[in-house]
Amino acid sequence: MIDLVEEHFRKEPKTWLLTGVSGFIGTNILKRLLTLGQKVVGLDNFSTGVKENLQQVQKLVGEEAWSLFTMIEGDIRDFSTCKRAMEGVDIVLHQAALGSVPRSFANPGLTNEVNVGGTVNIFQAAKEMGIKKVVYASSSSVYGDSQELPKVEENLGNALSPYAVSKLTDELYASVFSNSTDMDLIGLRYFNVFGPYQSPEGPYAAVLPLWVKGMIKNQPITIFGDGETSRDFTFVENVVDINLLAAHAEKGKAKLRAYNCACSAAYTLNELHDTMQEKLAEDYPHVTKLEKKYGDFREGDVRHSHADISNASEDLGYKPRYVLAEGIDMALEWYKNNLL
Ligand SMILES: NC(=O)c1ccc[n+]([C@@H]2O[C@H](COP(=O)([O-])OP(=O)(O)OC[C@H]3O[C@@H](n4cnc5c(N)ncnc54)[C@H](O)[C@@H]3O)[C@@H](O)[C@H]2O)c1
């Protein structure tokens, strides 16, 4: 299905607004869109995004494809910036947000301003600019304390963090805009995404890049909790695929307000640690000597996360192309070339 969708966009190129373009997922989407000959407007305030990511994409896609890209440095909290960024745009892929559960506990007001205020701006600007399709990043955190496994879209628990509340609120706003306009808004609940361009830096870095950096640099690694916490780790190219599929879906095809985006396979943190250690050992023999250390469980962390992806498969034609082990190989390759 993804091949057909890519072929379609190649034949009939569109103009896309990609918010959060210099972030981890945004950069991967940008690379694919430019490779497919799409025109892309990027909007980012570089708060967590990295300018160097864009330079890497420029090198990879070449000057001809790069000329299809326009960068707007700006903030989604500014409504007029959102509208300006949508001039001549056919499809919006909204990725900009402040991620991280701990960050949202440290500063819930800011998380709300960006993730909710900014997203409402994007939806309202899209409405005013007559855009028919908006695909936006939600999160598996919306499942909160639901014990059900695997997670099915309709069954949510209570939110466990300000970040989860912000993503759930985005989904509620999207429903309202869907019902009150002729826009098609599709939410994608990403489950622990990893891959190239994900930063290992800063206090809110995600687990995989943090551990790769620690292992390569022979620094101690702490696993929060007992290591039996599980996650449905999703390689970023699967996320790019589902964005294109959702962008292509005819109006009405997506019956749910948001879809799971994952591999539908859960791995514990202990398993992830051991797999990474094993894979890195070939190039960095010292990693075999690194002992696991366990710390406290983190506030607001969901214990187990495992997605049912049958709705995304039926309605959007989504099928994860890369399983965890393949994704880890590709991610590690990137980190080996970019970390040191
Ligand atoms: N990475 C994951 O595992 C994961 C999981 C679930 C959901 N998500 C969601 O996916 C999206 C992308 O996440 P990511 O991992 O690429 O994060 P990221 O932090 O790497 O990228 C977010 C981008 O948004 C930009 N941004 C932040 N605030 C902005 C603002 N006010 N105005 C303009 N730009 C702003 C940042 O500079 C950055 O480039 C986010 O909406 C995130 O909540 C990610």
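Our structure's up above, just so we're on the same page.
This write-up is about the structure you can find in this document. What you are looking at is a predicted structure, and each value in this text was computed from that prediction instead of being measured. (Residues numbered from 1 in each chain as written. Predicted model: local features only at pLDDT ≥ 70, side-chain atom pairs only at ≥ 80, totals over all residues. Heavy atoms only, no water.)

Notes on the site of the ligand
- Around the ligand sit 27 residues in total, of which Asp44, Thr48, Asp75, Tyr163 and Lys167 are the nearest.
- For the ligand, a nitrogen atom lies 3.3 Å from a polar atom in the backbone of Asn45.
- Contact between the ligand and Ile76: a nitrogen atom at 3.0 Å from a main-chain N or O atom of the residue.
- For the ligand, whose free accessible area comes to 820 Å², the fraction covered by protein is 90%.
- Within the residue set of the shell around the ligand, elements represented by two or more residues are α2 (24-35), β5 (133-139) and α7 (162-180).
- When residues of the shell around the ligand are assigned to their parent elements, the largest contribution, three residues, is made by β5.
- Along the lines of polarity and charge, the residues of the shell around the ligand split into eleven nonpolar, twelve polar and four charged. (Near = heavy atom within 4 Å. Polar contact = N/O pair within 3.5 Å; in protein donor to acceptor, adjacent residues only side chain to side chain. Areas by Shrake-Rupley, 256 points an atom, 1.4 Å probe, with all protein chains shown as cover. Helix = DSSP H or I, 4+ residues; strand = E, 2+ residues; numbered from the N terminus. Nonpolar A, V, L, I, M, F, W, Y, C, P; charged D, E, K, R; others polar.)

Points about the sheet that holds strand β2 (residues 39-44)
- Read across the sheet, seven strands follow the order β3-β2-β1-β4-β5-β6-β11 without closing on themselves; strand pairing throughout is parallel. Here the strands that pair on one side only, and so sit at the sheet edges, are β3 (69-73) and β11 (258-261). Taking the axes of each pair of neighbouring strands and ignoring which way they run, one obtains an average angle of 20 degrees across the sheet.
- As defined by bridge partners, strand β1 (residues 15-19) adjoins strand β4 (residues 91-94) across four bridges and the pair is classed as parallel. (Pairing = 2+ DSSP bridges. Axes fitted to C-alpha atoms, helices over the stretch in contact; angles between N-to-C directions.)

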